[in-house]
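# A look at the structure
Chain by chain, the residues:
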Amino acid sequence: MGITHGGDIFGAAERRGVPWQQVLDFSASINPLGPSPRVKEAILSSLDRIAHYPSLHASDLRLRLAREWGIAEEQILTGNGAVDLLRDVCASFPEGHLAVPVFSEFHRLWPNALLYRVDDAASWPKQGALVVTRPVNPTGSLIDAEVIIAYLRRSKATVLVDESFIDFSSAASMVGLTAEFPRLLVLRSLTKFHALPGLRVGALVGHPVTVERLSRLRPPWAVNTLAEQAALAALDDREHAEATRRFVQEERAWLVRKIAATPEVRIWPSEANYVYVETAYAADLVRFAAQRNILIRDCTGWPGCERSGIRVAVRRRWENERLLAVWKEFLCEGS
């Protein structure tokens, strides 16, 4: 599988010869409302600190996350984004399994991983390490936590649950179960919901013994000073978080209704801030939109997605209307 990522807004702008501000990015599923207004203030007030090393292990952030999630600080590892953390997790297990679809980096880190359907828990392996995503990327479907708990109880496998988009959903995180289940790890991204991908902040939660073992693989200063202060400010802004959830829920429903009126599509129910659309013309639409400075994630060939399809981020109304207009233009030209 070729490894590709969404969100290459600067590369796309360079290829098109336009300012990056003119590119609409539906390929990366980031909070459409942007970061909390408190984030910029926190970064500006912390600039004098960049002349010094950051905290060795982001102690303030770990303590704040422990309070946020109702767990012990010793259960948390922080890192330079979720990818930084999953690299060490994958390296610590010689045998990897993936309940597909999953984030493309898992395929790169475990190129020989055995693949299983995420919606067929009965087929999951009895041992080794298995990655399960909730909500699923790119479909947005949500695996019930009880399904994963039942699997942990009947198998000897370690399960890494990728919850990078869980904050957008109505579901509770599984972080609170990690002390009870030593073979459960939960990966959390702090950049998608809080709109901080350029700063890179992530967290891994597990049983204290497991986290201690993994921490020996970790370098110091994995979270830089500005990223830590930005994450702390974002976590404190409850109003922005609640507004984000309301907005995404309402705008996603509107976007789904509009796309559903488009010919030759099948839309998957989503609990995330993106919508997965099966359509035979996925690749052509992606190319057509790119020529008009709109980025869409082509999911054709993504393991676990049997048919041609795209993932579309939920953006602000004017952006969504622009996407729909280009989509309509594509269909008109092709008719």
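An account of the accompanying structure is given in this report. A quick note: this is a predicted structure, and the numbers were derived from the prediction, not measured.

Below, the discussion takes up the packing of helix H2 (residues 37-45) against helix H8 (residues 225-236). How two helices pack is summed up by the angle between their axes together with the distance between the axes. Relative orientation of the contacting elements H2 and H8 amounts to 145°, with a least axis distance of 8 Å. Crossing of H2 over H8 shows right-handed handedness. On H8, the residues touching Arg38, Val39, Ala42 and Ile43 of H2 are Leu226, Gln229, Ala230, Ala233, Ala234 and Asp236. Across the contact of H2 with H8, the residue classes break down as 7 nonpolar, 1 polar and 2 charged.

The element strand S13 (residues 309-313) is largely enclosed, with a buried count of 5 among its 5 residues. Alternating residues of S13 divide into Gly309, Arg311 and Ala313 and Ile310 and Val312, and every residue in both groups is buried. Of the strand pairs in this sheet, strand S10 (residues 274-278) and S13 are connected by 5 bridges, and their pairing is antiparallel. From the neighbouring strand, Tyr276 faces S13, where its bridge partner is Arg311. Across 2 bridges, strand S12 (residues 297-298) lies against S13 in antiparallel orientation. If you follow Arg297 over to S13, its bridge partner there is Arg311.

Here the largest pocket defines a volume of roughly 1,100 Å³. Among the elements of the structure, helix H1 (9-16), strand S1 (24-25), helix H4 (82-91) and strand S7 (184-189) are those that each provide at least two residues to the lining of the largest pocket. Counting residues per element, the lining of the largest pocket draws most heavily on H4, at 3 residues. Within the lining of the largest pocket, the residues separate by chemical class into 19 nonpolar, 14 polar and 10 charged.

So, how was this worked out
- Residues numbered from 1 in each chain as written.
- Predicted model: local features only at pLDDT ≥ 70, side-chain atom pairs only at ≥ 80, totals over all residues.
- Heavy atoms only, no water.
- Axes fitted to C-alpha atoms, helices over the stretch in contact; angles between N-to-C directions.
- Helix = DSSP H or I, 4+ residues; strand = E, 2+ residues; numbered from the N terminus.
- Left-handed = near helix turned anticlockwise from the far one by under 90°.
- Contact = heavy atoms within 4.5 Å.
- Nonpolar A, V, L, I, M, F, W, Y, C, P; charged D, E, K, R; others polar.
- Buried < 20%, exposed > 50% of the residue type's maximum accessible area, 1.4 Å probe, protein only.
- Pairing = 2+ DSSP bridges.
- 1 Å grid on protein atoms, 1.4 Å probe; cavity = no way out; pocket = protein on both sides within 12 Å on 5 of 7 lines; lining within 4 Å.
- Points joined across faces, edges and corners; volume = space filled by probe spheres on them.

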